[in-house]
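Notes for the structure review
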Amino acid sequence: MATLGGFNGYVINANGGNFTAIKIPTGATLDLYDCGTTVHNGYVDSNGLWHLGEGEGTAKAFTGGIITGANNSSTSIGGCVNVAGTFNLYGGNIVGNTTTQLGAGVYSNGDINMYGGNIAYNTTSANGGGVSFNNKDKTFNLTGGTIDNNTAKWCGGVQVANGTFIMTGGTINNNIATTYGGILVNNNSTFGGTAQIVGNTANGVSNNFYQPRGRLISFDTDKTPSEDMKIGITHQDGKAKFTSDGVEDYSSNFFSDKLEYGVKYNSDTSGSEYLELVDAYAITNNTKEADKETNNGYIEVKESAIEGEEVSINVVPNAGYKLKSLVYNDGTNHDITTELSFEMQTTPVSVTAEFEEKGRVINPLEVIGMDKEEILNYFYKSIPVIFSKHQKIHL
């Protein structure tokens, strides 16, 4: 077993070499740690690739040790790290590597245990911008760290072509691909803890966790999903059951990548519970933030909901204004000014708010010393008037 500890913020730079920077052979184990605080300045080019130093692009700095600069266009697989043994990632940054093969950041047909660190801004013209994993007898265990801002043709963040995938922490976010933006798992998978898969796109459209037909999600029994777990899901069949049977209601931990579907906790005829994607219905916001100056405020409401879902509206008046009315329309107007919510049915709806000026809270004793005309003007300008308590005024 080898330990690349004491990384201490240093840089391992392949300088564009046409090779994989680190290879972990069968039977070997590499533990990668980092306790450095050195800040390394760099930039991201127009292709999403990070470079050390100065250049044309978006400035992006990383703290700690860095492995970068592999530019593998040979027939060997893996841009930066090729794993046949075991790779334990505790810290450090695998950034700015590229390949024409699988796995710009990491390619593995061995075991990966990711406890921390970053795999970011790597690119491939093939599959697996961050990680490509492929061995039916091995496990990719993700409990911490980030896999973000990687780019690929397929599977911008992670490709699990075969093998066991378990995620109870860490994030897979902001990865980009033509197909399968965040992660594709070809087998069943296990989630729990604080796992997050959000903000990934495929061909410009939200695409986080892509689930093939016949594959199911189960939940870790030791690290059950916390309120911080959040996963966007796209299923091959659109509407489908996506978890195993007998699960708890974790519907709040998932959301559909597509607005036409939503997540529902359901049960079969035997009473066994599961999560599935079902039809959702569009909600049109007629009082948006972009028009708040015209409307004197705005509302926030989700863009779609499933039948029976309680939809809440957040009302945000401009300064000096208050809500006058709130209505949702499903062919008929329904006043929900008091409730600020409604139950979704099986038809699209629109929601509209109207705002009005607040009345002034005044102390009538302020008029002492005014003549009759001044008093009348004072109250006229203050309409509507709200008295702080019962008082008499003698003109």
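First, a word on what this report is: a plain description of the structure on this page. Quick caveat, the model's predicted, so the values are computed rather than measured. (Residues numbered from 1 in each chain as written. Predicted model: local features only at pLDDT ≥ 70, side-chain atom pairs only at ≥ 80, totals over all residues. Heavy atoms only, no water.)

Taken as a whole, the largest pocket spans an internal volume of roughly 330 Å³. Every element with two or more residues in the lining of the largest pocket is listed here: β33 (254-256), β34 (261-267) and β37 (304-306). Its residues assigned to classes, the lining of the largest pocket comprises 8 nonpolar, 5 polar and 5 charged. (1 Å grid on protein atoms, 1.4 Å probe; cavity = no way out; pocket = protein on both sides within 12 Å on 5 of 7 lines; lining within 4 Å. Points joined across faces, edges and corners; volume = space filled by probe spheres on them. Helix = DSSP H or I, 4+ residues; strand = E, 2+ residues; numbered from the N terminus. Nonpolar A, V, L, I, M, F, W, Y, C, P; charged D, E, K, R; others polar.)

Pairing within the open sheet is antiparallel, and its 3 strands lie in the order β6-β5-β7. For this open sheet the edge positions go to β6 (50-52) and β7 (58-63), each flanked by a neighbour on one side alone. Pairwise comparison of adjacent strand axes, ignoring direction, gives a mean angle of 40° for this sheet. Judged from the 3 bridges that link them, strand β5 (residues 39-44) and β6 form a sheet pairing that is antiparallel. Counterpart to Gly42 in the pairing with β6 is Leu52. (Pairing = 2+ DSSP bridges. Axes fitted to C-alpha atoms, helices over the stretch in contact; angles between N-to-C directions.)

In the structure shown here, the tally under the stated rule is 7 salt bridges. Where Lys241 meets Asp245, a salt bridge forms, and the shortest distance between an N and an O atom there is 2.6 Å. Between Glu309 and Lys302 there is a salt bridge; the shortest N-O distance is 2.5 Å. Note on Glu309: relative accessible area 22%, which makes it partly exposed. (Salt bridge = Lys/Arg side-chain N within 4 Å of Asp/Glu carboxyl O. Buried < 20%, exposed > 50% of the residue type's maximum accessible area, 1.4 Å probe, protein only.)

Bringing the nonpolar core into the picture now. If you look at the biggest cluster of nonpolar residues, it comprises 43 residues, and the most contacted ones within it are Phe87, Phe140, Phe165, Phe191 and Phe254. When sequence neighbours within four positions are dropped, the list of residues in contact with Phe191 reads Phe165, Met167, Ile197, Phe209, Ile217, Ser218, Phe219, Asp220, Met229 and Ile231. By size, the runner-up hydrophobic cluster in this structure holds 16 residues, among which are Ile283, Tyr328, Phe342 and Val351. (Core = buried A, V, L, I, M, F, W, Y, C linked by side-chain atoms within 4.5 Å. Contact = heavy atoms within 4.5 Å.)

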